[in-house]
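A closer look at the structure
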Amino acid sequence: MLLGVLWVRSTSLSRLTAVLALTSVCYFANAAQSSTPNAPTVPAAAATQKAMTKQQAKELFHSVDEILSFVSSDTKLPIEHTVKRKLISRDQVNRYLKEKFDEDEGAKRMERSEVVLKKFGLLDRDFHLRTFLLSLLTEQIAGFYDNKTKTVNLLDWIEPEEQKPVLAHELTHALQDQKIDLTKWSDVSLPDTSHNVQEDNHHLQVDEADTARTAVAEGQAMAVFIDYTLRSSGKTIADAPDLANRLKDQATDTSGSPVMARAPLLLQESLLFPYSEGLSFEQAILVKAGKEAAFSGVLANPPTSTFEIMHPEAYIAHAPVPVIRLPDIHPLLDPEYTPYDIGVMGELDVRILAELFGGREQATALAPEWNGGVYYAAQRKSAVTEAEKESTASIGLLYYSRWKNVDSARSFLRIYAAQIPRKYSNVVERKKDETDESELIYSTNEGDVLISRSGDSVFIGEGFNLSLARKLRDTIASVQPEGPMQQAISPVTEPTLSMSRVLASFGDISKNSLQRYTSRGAK
């Protein structure tokens, strides 16, 4: 998925980036306690720069085993062995984050996919993703679990009492790791660009799996985090059916987070997704089927798509997940283009895109009508220099979507078409070239744009010449079934959720000024 581009969950970066995905460890705690008067107070992330004393460090180290026992009781995940612990400084954390960001394959894919996100209009052309993410990642941190070293890293500048709820979150990851080996379980996407139709469709089948699994891991950890915060009241997230929705609603307010507040909508939504939607998913399973099903059961049989995360009832009912297959388009593209990126355009992507282009009201109404979508990006072979390759002008982009009814398809076409003059310069609508009212054709500074609808499907081609775009449209449409969409059998990467995965690799961010975040470091 498009967001998945940024969520890429590889060895280290992904776990570090999860950091960004959480709007706020402290914020969620504060929101939770507002609905439970007797819940303990969690300080609003006023991290002191003064290193803790030896006695404080001793207290914090001692609390690890006590909190691990709580986590095991809360999740029914067994403790196979103790968890190693380490006290680290802010400088050590910042160095670690920067090193992992540079080394991680997920980060490399994220940077490569940045141009596709810009081509879609999800990021401004002059936005620098790496610079922004580094500033966000190094804001303020609240501890992280490292899958590779099996160590929970504690921070020497934050009071022990402030770190304990974060420990509940991170030690959930430790028990998940002991149960299913997070490194192998989390990373099921394909690392390379596809070069033939078989590889194309394999990518589409597994594209969202990493993101869905990230949402499971973070949703479980958020549920435990809240249960730990509420423990003195005797309540749990399962006892408060409306709590997850209240937390999600409040989490969208970024007024207390200067860095997040200036982030593009794409980043705000994708970074929050694994925590907010993952929490709602876990709560739904908890209420419906209990702890065994919500923790061990979901780890053993994880959802394969963001659709299932957003609609847990579909996961519970084993409902089909809409998946579109691509025909062999390589003979049409290979003479002039090199394969660049491919993925699912999922419901979350559609919601973000529709909100960005048409406003929240239209997005809320349109996203549930999504019934499958794929995108394919190819780069002109004539783009040789780094500057040419980094330019959106080098990319040809197609996007094919299906909708649950014709009216929704029309609405999406209108929303998307309205953005063409904002995405490109020198835009001219070529009405004389349009075969009928189902087509919209434009000339732009980056080439031709074709937007067309046939029944409940919409095809968009940007940057390909009109003749090629029509051939691609007709080839794709000719192989689509008339009946229900098929279900994904393995995992899939939405452009947006790739983002979520990369960010998930870094840990959890505090909404209140992003004052701290947790992460499961390197795998």
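Relevant structure appears above.
I will try to describe carefully the structure that is included in this document. (Residues numbered from 1 in each chain as written. Predicted model: local features only at pLDDT ≥ 70, side-chain atom pairs only at ≥ 80, totals over all residues. Heavy atoms only, no water.)

Some thoughts on the overall build of the chain
- Along the backbone of the chain there are 25 helices and 12 strands.
- Relative to its full complement of 523 residues, the chain shows a buried share of 62%.
- Across the chain, every contact between residues at least 6 apart in sequence was considered, and the portion connecting residues at least 24 apart equals 80%. (Helix = DSSP H or I, 4+ residues; strand = E, 2+ residues; numbered from the N terminus. Buried < 20%, exposed > 50% of the residue type's maximum accessible area, 1.4 Å probe, protein only. Contact = heavy atoms within 4.5 Å.)

Points about the packing of helix 14 (residues 265–289) against helix 15 (residues 291–300)
- Following both chains from N to C, one finds helix 14 and helix 15 inclined at 130°, their axes separated by 6 Å at the closest point. Here helix 14 lies oblique to helix 15, going by the angle between them. Residue-level inspection shows Phe281, Glu282, Ile285, Leu286 and Ala289 of helix 14 in contact with helix 15, the latter providing Lys291, Ala293, Ala294, Phe295 and Val298. (Axes fitted to C-alpha atoms, helices over the stretch in contact; angles between N-to-C directions. Parallel < 35°, antiparallel > 145°, perpendicular 65-115°, else oblique.)

Observations regarding the pairing of strand 6 (residues 370–380)
- In terms of burial, strand 6 is a largely internal element, 10 of the 11 residues being buried.
- With 8 bridges connecting them, strand 6 and strand 7 (residues 395–403) associate as antiparallel partners. Bridge pairing in strand 7 links Tyr376 to Leu398. (Pairing = 2+ DSSP bridges.)

Let's talk about the pattern of salt bridges
- In total, this model carries 21 salt bridges according to the counting rule given.
- The salt bridge involving Glu277 is made with Arg351; its shortest N-O contact spans 3.5 Å. Placement of the pair is Glu277 in helix 14 and Arg351 in helix 19 (residues 347–358), with a sequence separation of 74 residues.
- Here the salt bridges do not stand alone but share partners, grouping Arg430, Lys432, Asp433 and Asp448 into one network. (Salt bridge = Lys/Arg side-chain N within 4 Å of Asp/Glu carboxyl O.)

What to know about the side chain of Ser63
- Counting through the fold element by element, Ser63 comes out in helix 4 (residues 54–75).
- Excluding its chain neighbours within four sequence positions, the residues that come into contact with Ser63 are Lys164 and Leu167.

What to know about the sheet that holds strand 11 (residues 457–462)
- An order of 5-6-7-11-10-9-8 is seen for the 7 strands of this open sheet, with the pairing classed as antiparallel. Every other strand in the sheet has two partners, leaving strand 5 (337–344) and strand 8 (428–429) as the edge strands with one partner each.
- Of the strand pairs in this sheet, strand 9 (residues 439–444) and strand 10 (residues 447–454) are connected by 6 bridges, and their pairing is antiparallel. When the sheet's bridge partners are listed, Tyr442 is paired in strand 10 with Val449.
- Docked against the sheet, helix 10 (residues 197–206) engages strand 5 and strand 6, running at close to 30° with respect to strand 5.
- Along the sheet face, helix 24 (residues 466–478) touches strand 5, strand 7, strand 9, strand 10 and strand 11 and points at about 30° away from the line of strand 10.

Let's talk about the environment of Phe412
- Counting through the fold element by element, Phe412 comes out in helix 22 (residues 406–417).
- The class of Phe412 is buried, set by a relative accessible area of 1%.
- Residues Phe412 and Arg453 lie 41 residues apart in sequence; the distance between their C-alpha atoms is 9.8 Å.
- Not counting residues up to four positions away in its chain, the partners in contact with Phe412 are Leu353, Leu366, Tyr399, Ser401, Trp403, Val458 and Ile460.

Digging into the packing of aromatic side chains
- This model, assessed by the stated rule, comprises 12 aromatic pairs.
- Each ring, one from Phe120 and one from Tyr375, has its centre 5.9 Å from the other, and the planes form 85°; the classification is edge-to-face. Taken as a pair, Phe120 in helix 6 (residues 105–120) and Tyr375 in strand 6 lie far apart in primary sequence, 255 residues in all. Assigned by exposure class, Phe120 and Tyr375 land together as buried.
- For the cation-ring pair, Arg213 lies above Trp185, with the distance from its terminal atom to the ring centre recorded as 5.3 Å. (Phe/Tyr/Trp six-rings, centres within 6.5 Å; stacked < 30°, edge-to-face > 60°. Lys NZ or Arg CZ within 6 Å of the ring centre and 35° of its normal.)

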